Amino acid sequence: MLENPSSRRGFLRTSSIAGASLVSPFALAQQKPEEKEQNKGDEKISPAEDLMREHGVLNRILLIYDEHLKMLTEKHPFDGSILASAADIVRRFVEEYHEKLEEEFLFPRFRKANQHVRLVDTLLAQHNAGRDLTAKIRELAGTATLKYVSSDSDKLDDALRSFLRMYRPHEAREDTVLFPAFRSIVSSHEYDALGEDFEKKEDESFGDDGFFKVVDQVAQLEKRLGIYELAEFTPR
Ligand SMILES: [Fe+2]
Ligand SMILES: [Fe+2]
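A quick note: this is a predicted structure, and the numbers were derived from the prediction, not measured.

Analysis parameters
Residues numbered from 1 in each chain as written. Chains lettered and ligands numbered in written order. Predicted model: local features only at pLDDT ≥ 70, side-chain atom pairs only at ≥ 80, totals over all residues. Heavy atoms only, no water. Helix = DSSP H or I, 4+ residues; strand = E, 2+ residues; numbered from the N terminus. Buried < 20%, exposed > 50% of the residue type's maximum accessible area, 1.4 Å probe, protein only. Contact = heavy atoms within 4.5 Å. Areas by Shrake-Rupley, 256 points an atom, 1.4 Å probe, with all protein chains shown as cover. Core = buried A, V, L, I, M, F, W, Y, C linked by side-chain atoms within 4.5 Å. Expected span 1.5 Å × (residues − 1). Donors = N, O, S within 2.8 Å, 3.2 Å for Na, K, Ca; no water. Phe/Tyr/Trp six-rings, centres within 6.5 Å; stacked < 30°, edge-to-face > 60°. Lys NZ or Arg CZ within 6 Å of the ring centre and 35° of its normal. Tetrahedral: all angles 85-135°; square planar, octahedral: opposite > 155°, others 65-115°.

1. Quick notes on the overall build of the chain
Here comes step 1: Across its full length, the chain holds nine helices and zero strands.
Here comes step 2: Counting from the amino terminus, the chain carries its helices and strands in the arrangement α-α-α-α-α-α-α-α-α.
Here comes step 3: A buried classification covers 40% of the 236 residues belonging to the chain.
Here comes step 4: Sequence separation of 24 or more characterises 77% of the internal contacts of the chain that already satisfy a separation of 6 or more.
Here comes step 5: With the model as given, the accessible surface of the chain reaches about 13200 Å², and the carbon-plus-sulfur share is 52%.

Rendered as structure tokens:
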């Protein structure tokens, strides 16, 4: 079924580029870099894609947590400022934004439709547990200036481990069960409208192209930690 192209997900707003209703991949390839940059904010994405790319940000923070856990295990001293900044991004972007969207827009609709109710209960309990863990990680990272007393180090090790253990299955279940099911419990009109609401909220909370700004902040932390180069993860 064809929908009105102006409201259809996945289409780019293109009038300023070619005066056409669509931009072909070829036309995109011909664009100057600054035009490509502008398109980042004009891209329309579905609620599921929006939430899943936010999980991508969370996954990159989990890698930062992994790296700190490794340093703790090896008793390798570190300055806690990178970890503190990562925990701040979790609080601001994951807990106060991404999870709020799930709690406000997804969970109540599943309850109303009487679908995946147990899963939703568990996901909500995990959001709350995550907030407690983040508060602990943030506090311990703030006191970690190269000289951990061992009890703090153990507490931080525990909190990071618990966070990693919970969030990997949490987000995997949302990506593979909850988000795909969400598409079937709302009308396509409501689904499209929610995508637009999510984008608006993101811009209100983090500025224009807010998602990309947060990705850049995470990339800066990865660089400081020495885990930014993707090629370094390829087996040799
Ligand atoms: Fe969640
Ligand atoms: Fe999520």
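2. Considerations on the nonpolar core
Here comes step 1: If you look at the biggest cluster of nonpolar residues, it comprises 57 residues, and the most contacted ones within it are Y65, F93, L106, I137, F163 and L178.
Here comes step 2: Top contributing element to this core by residue count: helix α5 (residues 81-112), with 15 residues.
Here comes step 3: For L106, the contacting residues outside a window of four places in its chain are L51, L101, L178, F179, F182 and F198.

3. Thoughts on helix α9 (residues 210-225)
Here comes step 1: Counted at 1.5 Å a residue, the expected span for α9 with its 16 residues is 22 Å, and the 23 Å between its end C-alpha atoms agrees.
Here comes step 2: In this structure, the buried side of α9 is in contact with α4 (47-73), α5 and α8 (188-206).
Here comes step 3: Looking one or two residues past α9, G226 carries a phi angle of roughly 80°, positive in sign.

4. Points about the coordination of the iron ion (ligand 1)
Here comes step 1: In this structure, E102 (OE), H127 (NE2), H170 (NE2) and E174 (OE) serve as the protein donors to the iron ion (ligand 1), at separations of 2.0 to 2.2 Å.
Here comes step 2: Written as a sequence motif, the donor arrangement for the iron ion (ligand 1) is E-x24-H-x42-H-x3-E.
Here comes step 3: Between the iron ion (ligand 1) and the iron ion (ligand 2), a spacing of 3.2 Å is present, and a bridge between the two is formed by E102. Taken together, the positions of H127 in helix α6 (residues 117-142) and E174 in helix α7 (residues 150-185) put the pair 47 residues apart, joining distant regions of the chain. With respect to burial, H127 and E174 carry one shared label: buried.

5. Regarding the packing of aromatic side chains
Here comes step 1: Applying the stated criterion to the full structure yields nine aromatic pairs.
Here comes step 2: Between the aromatic rings of F182 and Y191, the centroid separation amounts to 6.1 Å while the plane-to-plane angle is 50°, which identifies the pairing as tilted.
Here comes step 3: Taking the relative accessible area as the measure of exposure, F182 reaches 2% and is therefore buried.
Here comes step 4: Pairwise contacts between aromatic rings join Y65, F163 and Y167 into one cluster.
Here comes step 5: Here the basic side chain of K223 rests over the ring of Y228, its NZ or CZ set 4.6 Å away from the ring centre.

6. Here we look at the coordination of the iron ion (ligand 2)
Here comes step 1: For the iron ion (ligand 2), the protein coordination sphere consists of H55 (NE2), H98 (NE2), E102 (OE) and E174 (OE), at 2.0 to 2.2 Å.
Here comes step 2: One way to put it: the four donor atoms around the iron ion (ligand 2) meet at angles of 80 to 165°, and that makes the site irregular.
Here comes step 3: Every donor residue of the iron ion (ligand 2) comes from the same chain, spaced as H-x42-H-x3-E-x71-E.

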